[in-house]
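# Survey of secondary and tertiary structure
Now for the letters of each chain:
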Amino acid sequence: MYSSSTESNAPQPDAGRYIRLGIIAAIGIIVLVIVGNQGVILAMNMAEFGEQFTKPLHYSIISALVLSAIALINVDVKNRSSIFWYAVHVAITFLNRTTHDPVSRNIPNFRDYRLSVPQFVIWQITKIFLFGVFFVNIMFGLAIAYLMDGNDLGVENLPQIFTLPFVTPQTINATDAVIPLIPALTILVPPILAVIGVRLAIYVGLHSIVKVITSYISDSMQGKPKFLNYVSTIEGVIGIGIVWAGINMFFTPQIDYNTKYAIGGTLAAGFVLIAFSIFDKFRSKVLTHPIKRDIYVRVFALIAIAIIAGSIMAVNNSIADARKIEFLGPYTKQQIDVNRYLGELDKIKITTNDVKLTSVSPNNIRSYISQNNDVLNSVRIWDWEAAFAKMKPEIGLIPYLDFEDNDILRFNNTLYWTASMKPVLPPTVSLENRWYNEHLVYTHVPNGFLTLDATTGQSVESSKLFSQRTIYYGEGGLFADNWSAYPTNRGDVSAELNNAFYAGRGGVTVSPPTSYVFEPNFLLSFPADSVHVMRYKDVYSRMSTLYPYFLYNLFGQQLDFFPVTDGQNTYWLMPLIVGFDTHAVPWSMGNPYLRLVGFALIDTYHGDITLIKYGDDYFANIIESQYGDKFHPMPAWLSDQLRYPQELFTWKTEMFNIYHVTDTEKFIQASEFYVIPTNLEAYYINAKPPGFDSVKFLGLLSLEQRGGQGRNLSGYMIVENDLATFGNMQFYEVPRDSATKLIGPTAVREALDKDSEFAQLKTLLRTPRIGDNILYQVGQHDVYFIPVYTAGSGGGVVAQLGTIAAVGAAFNGEYYVGLGNTPQEAFETYLRELAGVVSPSSQQAEVGFNKDERIKTVRTIFEERGLEIVTPTSLQVPLSFKEGDVSLFSRADMDTTNELLNKFISEHVTAGTKRVLLWQDEEAINLGVIKTIDGIPELHYITIDVGK
């Protein structure tokens, strides 16, 4: 009969067996899902990209194997412990226990749990496959492959880093001691330190804690808890953790006079705890409980170490407060040297900009303008916002296109704003039609670029610059959100926008049943047809998939790229910038290591990627050694369209703002640091700064004094974009003691607002928008040219140019502002303001000396000499000779005018005829005489500009 006794004697179901099988099945299902889901994608990537895709995969696998092996593989074959399988064993035991069994009885001691040798070995291999993906570091894998090829990354010099905190800084040179270590400290050391930390956390920390807990439970069941043994284990874990923290302190971005004491104190505390742990471990064989006195000894020992190290550091800080240069100076010198290397600041040329405010004689203004027309004709009048507003209406009512970006480009030494577009889904598309339109219809942009002359503001037919304007690979919109496809047997009917037929090299053809796995909709829509699929159509996604070594997001923003053309095909030019964290590099202060390795040309139609090498640093050498066949020399056609990356230019300038100070005393005093003015970005312009013989395409950034109360410029930085001097940077420094200052962007806006003529004009223009204030040097004059627009992009009206202001940047107590419809007019008005004369474009005249009075004065000079003034109705003389010109706007100009008139009369009038011809040409009068030489009549004349 059935009874409780028969129940207790009945065999328990082998739940453990089923659980083990379930875990194995779960692992198998996970692997199957991963393989099934990613297998098709992997196969498509390999078919479409080949080695471009497999190389990053190869380096990822290398890094995963090496790093996961360091972190996860248990080499303790004797104990063969495993937290995971121990937890599974405990769970199975709980499931198999009866309701009468106490919980503690079903928790075995972790010290006694061991895997079988085959299970232990298989589990170590399995861990790498299961968790290796979490340890992927493609840069580390690339470096390992580089080392395996027999190359060097300075690994042999790494032991030297452990001496740096303890040697006298005067005896070391960062250039020799630290910089050779940077390749290893940026690529190899950080991931290795991280995985060793993981290993210690698992096999020292977690394993020890579990051993303590399970040992306590097991010992308590026997009534013999061994507290001293547990304490010794915990002491050892904490000690090892502290020692590891001390070792990591050698890889610090800052070393000073206290670092060695901080490291020494940390290591001492760790080793003391380890020593106590060993001592207590021996004692635990005899004693079960720690003695209270021993606890006090340990606590007081740690406190003593902390007090000794802390006291020394506090005393050093106190002394350093009074002797900062002596104590901190040598370390600051190392910091400056390391960071100057990181920012490549030794390559920046510093030129003194002796700012002067020199007026031009009114009689020479026209000639001065003519001499500098190369700069004035290159002034960038239209800024990003105005150009965008002017080009936006050209899209018209097309609902499937939108602007993505607007870039400043150079073609034939002329600057253009070029707006690129992206496909978007029209808002009128219904929900049930979205998939069809996203993937099969709106696959491209038919005419992807609009172009505007940045100087004149005139729209330019983009086909004259870009023969190929169709974009299948671009940025944003549906490019970023979706893939596109078409059936290979579509014949003469295409679902693509405007019945387009893609015939490029991009994409991969997928046949059934693989196409069904990629997209289940293809099972019903194209059950028997192959489908050509185009993926990674967003340039950022495409580049990061195939070349994940480079930065495509820098300082929180996506890296800027722009279109270029070889005359037939159009490409995106993407800078290839590599960046490394330098927190393991001594004296780096955590500033990143950034370098321009080269460029990538991405075909906008085919999606092909061509790499162009430019850099020569250690990573450029690494990448070239692995991708040597993929890198090509700079094509000749690209040299005239290059533009140095704005992000890199700005970062180098920010590094220069601090580390241009090489004197340690001045650096510590921090009184000569610079800063980029708020909301100011780098301008790319055609300009001719001091020292240049011709107008060049340059990047420009103005710098102010950090913490300065005034808003004057400390100078400005330029970067060159021509291939021969590409990336060359030069800082034009204004001497701190210069009597004439160079006003900054904020002050120049105030100067413009204070100008009375502009105040009247601003009232007439109602709500004008002030454009970019870009600093140019015209001749010897530093001038801001500021466009003023009547409408902006936010108002829904096409932007119109209201006026151009030329504001003098050189300041000695007074602002000078000129307005005009062209840069020439504005600059001329500025020069006349500076010279203190009335502008010819002004309607106001000097009281008592207006235009009629000026002409009458000139006539009187001739009449007083008995000369007759006649006014011909027309002049037809075979030969004409202009003998000079002069401006007469005020009585201050009379001396110069008299000098020219006297010379003309003595040389050409009194020696021949008494008749002087006078004819007027708008704002000027001409006076001349006709001579007959060798039977040929000649007209000799002078011009006097009398204004309006």
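Please read all numbers here as calculations on a predicted model, not as lab measurements.

Let us look at the overall build of the protein chain. Along its length, the protein chain carries 28 helices and 32 strands. Taken over C-alpha atoms, the radius of gyration comes to 40 Å for the protein chain, far larger than the 30 Å a tight globule of 948 residues would show. Across its three principal directions, the C-alpha atoms of the protein chain cover 150 × 85 × 55 Å. Here the protein chain, with 948 residues, has 50% of them falling under the buried criterion. In the form shown here, the protein chain has an accessible surface area of approximately 43800 Å², with 56% of it arising from carbon and sulfur atoms.

Before going further, it helps to examine the packing of aromatic side chains. The final tally for this structure, using the stated rule, is 54 aromatic pairs. Residues Phe580 and Phe619 carry aromatic rings whose centres are separated by 5.7 Å and whose planes lie at 70° to one another, so their mutual orientation is edge-to-face. Residue Phe580 is found in strand β12 (residues 570–580), and its partner Phe619 is found in helix α21 (residues 618–626); the two are separated by 39 residues along the sequence. With respect to class, Phe580 is no different from Phe619; both count as buried. An aromatic cluster is defined as three or more aromatic residues linked by ring pairs; in this entry it consists of Tyr59, Tyr341, Tyr547, Tyr549, Phe550, Phe580, Tyr593, Tyr618, Phe619 and Tyr627. Cation over ring: Arg490 sits above Tyr486, and NZ or CZ is 3.8 Å from the ring centre. One residue, Arg643, lies across the ring of Tyr684, its end atom 5.3 Å from the ring centre.

Before going further, it helps to examine α21. Among the residues of α21, those classed as buried are Tyr618, Phe619, Ala620, Ile622, Ile623 and Gln626. Residue Asp617 occupies the N-cap position of α21, its side-chain oxygen lying 3.2 Å from the main-chain nitrogen of Phe619.

A surface patch of nonpolar side chains, about 570 Å² in accessible area, is lined by Ile295, Tyr296, Val299, Phe300, Ile303 and Ile307. By secondary structure assignment, the location of Ile307 is in helix α11 (residues 292–322).

Right, let's talk about the pairing of strand β20 (residues 729–733) for a bit. Of all five residues in β20, four are buried; the element is thus mostly enclosed. Here four bridges tie strand β1 (residues 349–352) to β20, and the two strands are oriented parallel to one another. Its bridge partner being in β20, Lys349 is matched across the sheet by Gln730. Where strand β19 (residues 713–720) lies against β20, five bridges are found, and the strand directions are antiparallel. From the neighbouring strand, Met717 faces β20, where its bridge partner is Phe731.

What the three strands build is an open sheet, ordered β6-β8-β7; its pairing is antiparallel. Taken across any chain shown, the strands that pair with only one partner, and hence form the sheet edges, are β6 (484–487) and β7 (508–510). Geometrically, the sheet is characterised by an average inter-axis angle of 30° between neighbouring strands, direction not taken into account. Bridging between β7 and strand β8 (residues 531–534) involves three bridges; their strand directions are antiparallel. Following the sheet pairing, Val508 is matched in β8 by Val533.

Here we take up the side chain of Ser702. By secondary structure assignment, the location of Ser702 is in strand β18 (residues 696–705). Among all residues touching Ser702, those that are not within four sequence positions of it are Val675, Ile676, Pro677, Leu680, Leu713, Gly715 and Tyr716.

With that settled, the discussion passes to the side chain of Thr332. With respect to the helices and strands, Thr332 occurs in helix α12 (residues 324–342). Every residue in contact with Thr332, bar those within four places of it in the chain, is listed here: Thr664, Phe667 and Ile668.

Turning our attention to the pairing of strand β2 (residues 401–411). A large share of β2 lies buried, amounting to nine of its 11 residues. Looking at chain direction, β2 and strand β3 (residues 414–423) are connected through 10 bridges and run antiparallel. Each bridged residue has a counterpart across the sheet, and for Asn406 the counterpart in β3 is Ala419.

Once that is clear, we can look at the pattern of salt bridges. Here the structure, examined in full by the defined rule, presents 34 salt bridges. Linking Arg283 and Asp294 is a salt bridge whose minimum nitrogen-to-oxygen distance equals 2.4 Å. Here Arg283, found in helix α10 (residues 259–283), pairs with Asp294, found in helix α11; they are 11 residues apart in sequence, far enough to count as distant. Residue classification places Asp294 among the buried positions, given a relative accessible area of 10%. Among the salt bridges present, the one from Arg595 reaches Glu344, with a minimum N-O distance of 3.7 Å. Of this pair, Arg595 sits in strand β13 (residues 593–603) while Glu344 sits in the loop between α12 and β1; the two residues are 251 residues apart in sequence, bridging distant segments of the chain. Considered together, Arg595 and Glu344 belong to a single accessibility category, that of buried residues.

What follows is about a positive patch on the surface. A contiguous patch of positive charge, built from Arg111, Lys224, Lys226 and Lys281, is present on the exposed surface. Turning to its location among the elements, Lys224 is positioned in the loop between α8 (182–221) and α9 (227–248). Accessibility expressed as a relative area gives 58% for Lys224, which makes it exposed.

Next up on the list: the sheet that holds strand β5 (residues 459–460). Read from one edge to the other, the open sheet built from four strands follows the order β2-β3-β4-β5, with strand pairing classed as antiparallel. Strands with a single pairing partner mark the edges of an open sheet, and in this sheet they are β2 and β5. Relative to strand β4 (residues 449–453), β3 runs antiparallel, the two sharing five bridges. Following the sheet pairing, Tyr416 is matched in β4 by Asp453. Running at roughly 125° to β2, helix α15 (residues 384–391) makes contact with β2, β3 and β4 of the sheet.

The next point concerns unusual backbone geometry. Omega for the peptide link from Pro512 to Pro513 comes to 0°, which places this bond in the cis form. Turning to its location among the elements, Pro513 is positioned in the loop between β7 and α18 (514–518). Non-glycine residue Trp587 carries a positive phi angle of around 65°. Overall, the relative accessible area of 0% leaves Trp587 in the buried class. Positive phi outside glycine occurs at Met589, with the angle close to 60°. In this fold, Met589 is placed in the loop between β12 and β13. The class of Met589 is partly exposed, set by a relative accessible area of 37%.

Membership of the largest hydrophobic core comes to 206 residues, with the highest contact counts inside it found for Met543, Tyr547, Tyr549, Met574, Phe619, Phe785 and Phe827. With residues up to four places along the chain from it excluded, the contact list for Tyr547 reads Gln52, Tyr552, Ile609, Leu611 and Tyr627. In this structure, Val886, Leu900, Leu901 and Leu927 belong to the second largest nonpolar core, which totals 23 residues.

Calculation rules
Residues numbered from 1 in each chain as written. Predicted model: local features only at pLDDT ≥ 70, side-chain atom pairs only at ≥ 80, totals over all residues. Heavy atoms only, no water. Helix = DSSP H or I, 4+ residues; strand = E, 2+ residues; numbered from the N terminus. Rg over C-alpha atoms; globule rule 2.2 N^0.38 Å. Buried < 20%, exposed > 50% of the residue type's maximum accessible area, 1.4 Å probe, protein only. Areas by Shrake-Rupley, 256 points an atom, 1.4 Å probe, with all protein chains shown as cover. Phe/Tyr/Trp six-rings, centres within 6.5 Å; stacked < 30°, edge-to-face > 60°. Lys NZ or Arg CZ within 6 Å of the ring centre and 35° of its normal. Polar contact = N/O pair within 3.5 Å; in protein donor to acceptor, adjacent residues only side chain to side chain. Patch = residues over 30% accessible without salt bridge, like charges linked within 9 Å, V, L, I, M, F, W, Y side chains within 5 Å. Salt bridge = Lys/Arg side-chain N within 4 Å of Asp/Glu carboxyl O. Pairing = 2+ DSSP bridges. Axes fitted to C-alpha atoms, helices over the stretch in contact; angles between N-to-C directions. Contact = heavy atoms within 4.5 Å. Lys, Arg positive; Asp, Glu negative; His and termini not counted. Charge placed at Lys NZ, Arg CZ, Asp CG, Glu CD. Core = buried A, V, L, I, M, F, W, Y, C linked by side-chain atoms within 4.5 Å.

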